[in-house]
Amino acid sequence: MSKFIIQVNGSVYGSTASFRALSFCQSALANGHQIINVFFYQDGVTNSSALTCPASDEIDMHSNWQSLSLQYAIPLTNCVSAALRRGVLSPQDATENGKPQWNSSDAFTMGGLGELVVGIEHADRLISF
Amino acid sequence: MKSLVIIFRHAPLGTTSTREGLDFAMLSASFEQQVSIVFTNEAVLHLLAGQAPEQAGSKDYVSAFKALSLYDIDTVLVCAESMTTLGLQADELSISATIVAPQAITDALQAADEVLVF
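Residues numbered from 1 in each chain as written. Chains lettered and ligands numbered in written order. Predicted model: local features only at pLDDT ≥ 70, side-chain atom pairs only at ≥ 80, totals over all residues. Heavy atoms only, no water.

**Observations concerning the packing of aromatic side chains**
- Counted under the stated rule, the structure contains 10 aromatic pairs over all chains.
- Ring plane angle 50° and centroid distance 6.5 Å describe the contact between Phe39 of chain A and Tyr41 of chain A, whose orientation is recorded as tilted. The same class applies to Phe39 of chain A and to Tyr41 of chain A, which are both buried.
- Three or more aromatic residues joined by ring pairs make a cluster, and in this case those are Phe39 and Tyr41 of chain A together with Phe24 and Phe118 of chain B. (Phe/Tyr/Trp six-rings, centres within 6.5 Å; stacked < 30°, edge-to-face > 60°. Buried < 20%, exposed > 50% of the residue type's maximum accessible area, 1.4 Å probe, protein only.)

So this is what it looks like as structure tokens:
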């Protein structure tokens, strides 16, 4: 059994990176491996937006990540600076920056790049998408 | 501590990929990981002197490459083949870096614990 940390750099839509990352997580878990964290960086932070609203016949990556996190108790971490640059805010970020709205859902927590580095140290393997 | 190789593949200005990769490189070095950097493909263009990224609406992250040694990032490899393809000469590089053949990059990747591509 291996301990993985997953890095998602691809946008919630327009790139298949996020879907491939999710598929990898599901396969790894089904085969008895452990995912210690999914870290969203670069355009990957858009996966955390609760305001993504694809048509009913499309894949809802945001909701898929939420389900995975809930089912297997896997933390989903956004890089906070990458997120702020792209208009992805938690309630606290919105308050602190005087913004009228927030969009990152509760299933995702904001963190620093340090959490990615510490995760890499603790994991057997980092897989980036 | 793990040994991390961070590869830059994208040209300056067109994407923010290298900028965010550089953030990661410096952060992980400050967390006392052993960090090496590789410039390949169009990313070698980051090493040309006299760039003005602000004119293209970008924060001047290019000049931050000069600070790599302050973060104890001493291994900076540049792909010789990519330089030839893009017409760059060794004396045009704006930072201290080692120009190497692709095989040396392959060797560095094989020796690393983790490889991150930006």
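**Section: the pairing of strand 2 (residues 34-40) of chain A**
All names here are of chain A.
- Among the seven residues that make up strand 2, five are buried, leaving the element largely enclosed by the rest of the structure.
- Direction of pairing for strand 1 (residues 3-8) relative to strand 2: parallel, over a ladder of six bridges. Note that in strand 2 the partner of Gln7 across the bridge is Phe39.
- Since strand 1 and strand 2 lie parallel, the crossover through helix 1 (residues 17-30) that links them has a hand, and here it is right-handed.
- With three bridges joining them, strand 2 and strand 3 (residues 76-79) adopt parallel strand pairing. Considered in strand 3, the bridge of Phe39 is made with Thr77.
- For the handedness criterion, the β-α-β arrangement of strand 2, helix 2 (residues 61-72) and strand 3 is classed as right-handed. (Helix = DSSP H or I, 4+ residues; strand = E, 2+ residues; numbered from the N terminus. Pairing = 2+ DSSP bridges. Right-handed = clockwise from strand over helix to strand, strands pointing away.)

**A look at the pairing of strand 3 (residues 75-79) of chain B**
Residues and elements named next belong to chain B.
- Judged by how many residues are buried, strand 3 sits mostly within the fold: four of five residues are covered.
- When strand 2 (residues 34-39) meets strand 3, the two strands line up parallel, connected through four bridges. Each residue of the ladder has a partner; that of Ile37, found in strand 3, is Val76.
- The parallel pair strand 3 and strand 4 (residues 98-100), bridged by helix 2 (residues 80-86), forms a crossover whose chirality is right-handed.

**Focus: the confidence of the model for chain B**
- Per-residue confidence for chain B averages 95 on the pLDDT scale, and 100% of its residues sit at or above 70.
- In the predicted assembly, ipTM is 0.91 and pTM is 0.95. (pLDDT = per-residue confidence, 0-100.)

**Some points on the pattern of salt bridges**
- Under the defined criterion, the tally for this structure stands at seven salt bridges over all chains.
- For Arg85 of chain A, the salt bridge is made with Asp23 of chain B, and the minimal N-O distance between the two is 3.9 Å. With Arg85 of chain A in helix 3 (residues 80-85) and Asp23 of chain B in helix 1 (residues 17-30), this residue pair bridges two chains.
- Assessed through its relative accessible area of 26%, Asp23 of chain B is described here as partly exposed.
- Two residues, Arg125 of chain A and Glu114 of chain B, come together in a salt bridge whose shortest N-O distance is 3.5 Å. (Salt bridge = Lys/Arg side-chain N within 4 Å of Asp/Glu carboxyl O.)

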